Amino acid sequence: MGFVVAVDGPAGSGKGTITKLVGEKRNLVYIDTGAMYRCVTLDCINNNVSYTDIPGIEKVLEKISIELKNENGIQKVYLNGKDVSEEIRKKYIDDDVSEYAAIKQVRDKITPMQQEMGKKQDIIMEGRDICTVVFPNADVKIFLDCSVEERARRRVLQNQLKGIESTYEEVLENIVGREKLNSTRDIAPFVRAEDAILIDSTNMTIEEVVDRVLEIIDEKRKQN
Ligand code: DC
């Protein structure tokens, strides 16, 4: 088993940016698990399989191949051999991903793939159920929180940088709706693990959060 840092947090909490930077600084392979649920969503949509069609989803899952590759410091996502890194960030995926991610068959497929990734390398993995289900015995467990208003504000800014038009109201509605679905689903709901260290990033800069996470990791490594 490698050294495992597990980070859970809601959309817009900054966990993608932060875990990527921490990974680079401490030589941990960065794994964005949301990207894997986004791949399942894209594959199903491409095959006209709705989230109510469980047999159809099972068929898609039988053949699916998802690869997360680090190319010159950038994480690239390959679905069935094709680079879908940009496609999976589009709004139509945002809109449906929580529905597909709530399905037992989907999680039963994805969770062991994630556990496998922590066996052979040192990793920092971010998602919604990493501290609770995927790696409950991770060396370091962090819950990255942030107020919903600040998360919406950050997402609008991110969208602007990407040239995507969005209003604060629609982004707020989307994140509130998505996270409600994620938190209330039956399987692997998005909750804070009791023993995860809470960091509230609402009034912190990225650098401050990164420094805090590095401190926690370094402290743990000293003990090992
Ligand atoms: O982090 P993200 O927004 O890219 O995640 C996309 C969706 O995938 C999110 O709505 C919830 C789901 N997800 C999940 O259920 N479990 C994870 N470990 C990661 C993401």
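Below is a summary of the structure that appears in this document.

The rules behind these values
Residues numbered from 1 in each chain as written. Predicted model: local features only at pLDDT ≥ 70, side-chain atom pairs only at ≥ 80, totals over all residues. Heavy atoms only, no water. Helix = DSSP H or I, 4+ residues; strand = E, 2+ residues; numbered from the N terminus. Rg over C-alpha atoms; globule rule 2.2 N^0.38 Å. Buried < 20%, exposed > 50% of the residue type's maximum accessible area, 1.4 Å probe, protein only. Contact = heavy atoms within 4.5 Å. Lys, Arg positive; Asp, Glu negative; His and termini not counted. Charge placed at Lys NZ, Arg CZ, Asp CG, Glu CD. Near = heavy atom within 4 Å. Polar contact = N/O pair within 3.5 Å; in protein donor to acceptor, adjacent residues only side chain to side chain. Nonpolar A, V, L, I, M, F, W, Y, C, P; charged D, E, K, R; others polar. Pairing = 2+ DSSP bridges. Axes fitted to C-alpha atoms, helices over the stretch in contact; angles between N-to-C directions.

**Remarks on the overall build of the protein**
And then number 1: Regarding its fold elements, the protein presents nine helices and eight strands.
And then number 2: Taking 224 residues into account, the globule formula puts the C-alpha radius of gyration at 17 Å, and the protein, at 17 Å, falls close to it.
And then number 3: Principal-axis analysis of the C-alpha atoms gives the protein an extent of 50 × 40 × 35 Å.
And then number 4: For the protein, the proportion of its 224 residues judged to be buried stands at 46%.
And then number 5: Restricting to contacts in the protein with at least 6 residues of sequence separation, those with at least 24 account for 74%.
And then number 6: Computing the positive centroid from 33 side-chain charges and the negative centroid from 40, the protein places the two 3 Å apart.

**What to know about the site of the ligand**
And then number 1: Contacts to the ligand come from 17 residues, most closely from Arg38, Arg107, Arg128, Asp129 and Arg185.
And then number 2: In this structure, arginine 38 approaches the ligand through a side-chain N or O atom, which is 2.8 Å from an oxygen atom.
And then number 3: Between the ligand and the protein, one listed contact pairs an oxygen atom with a side-chain N or O atom of arginine 128 at 2.9 Å.
And then number 4: Going through the elements one at a time, α2 (34-46), α4 (91-101) and α8 (168-184) are the ones with two or more residues in the shell around the ligand.
And then number 5: Grouping the constituent residues of the shell around the ligand by class yields four nonpolar, five polar and eight charged.

**Re unusual backbone geometry**
And then number 1: Positioned with a positive phi, asparagine 27 is a non-glycine residue whose angle comes to about 55 degrees.
And then number 2: Inspection of the secondary structure puts asparagine 27 in the loop between α1 (15-26) and β2 (29-32).
And then number 3: The class of asparagine 27 is exposed, set by a relative accessible area of 69%.
And then number 4: Positive phi is not limited to glycine here, since asparagine 80 has a value of about 45 degrees.
And then number 5: With respect to the element layout, asparagine 80 can be found in the loop between β4 (74-79) and β5 (82-83).

**Regarding the sheet that holds strand β1 (residues 4-8)**
And then number 1: On the basis of which strands lie adjacent, the open sheet formed by five strands has the order β2-β6-β1-β7-β8 and parallel pairing. Only two strands of the sheet have a single partner each, and these edge strands are β2 and β8 (197-200). Along the sheet, successive strands turn relative to each other by an average axial angle of 20 degrees, direction set aside.
And then number 2: Of the pairings in the sheet, the one linking strand β7 (residues 140-145) to β8 comprises four bridges and is parallel in character. Its bridge partner lying in β8, aspartate 145 is registered against aspartate 200.
And then number 3: This element, α1, spans β1, β2, β6 (123-127) and β7 of the sheet and lies at about 180 degrees to β6.

**Some points on the sheet that holds β4**
And then number 1: The three strands lie next to each other as β3-β4-β5, forming an open sheet whose pairing is antiparallel. Since the sheet does not close on itself, it has two edges, and those belong to β3 (66-71) and β5, each with one partner.
And then number 2: With two bridges joining them, β4 and β5 adopt antiparallel strand pairing. Looking at β5, one finds that tyrosine 78 is bridged to aspartate 83.
And then number 3: Across the sheet, α2 is in contact with β3 and β4; its angle to β4 comes to roughly 30 degrees.

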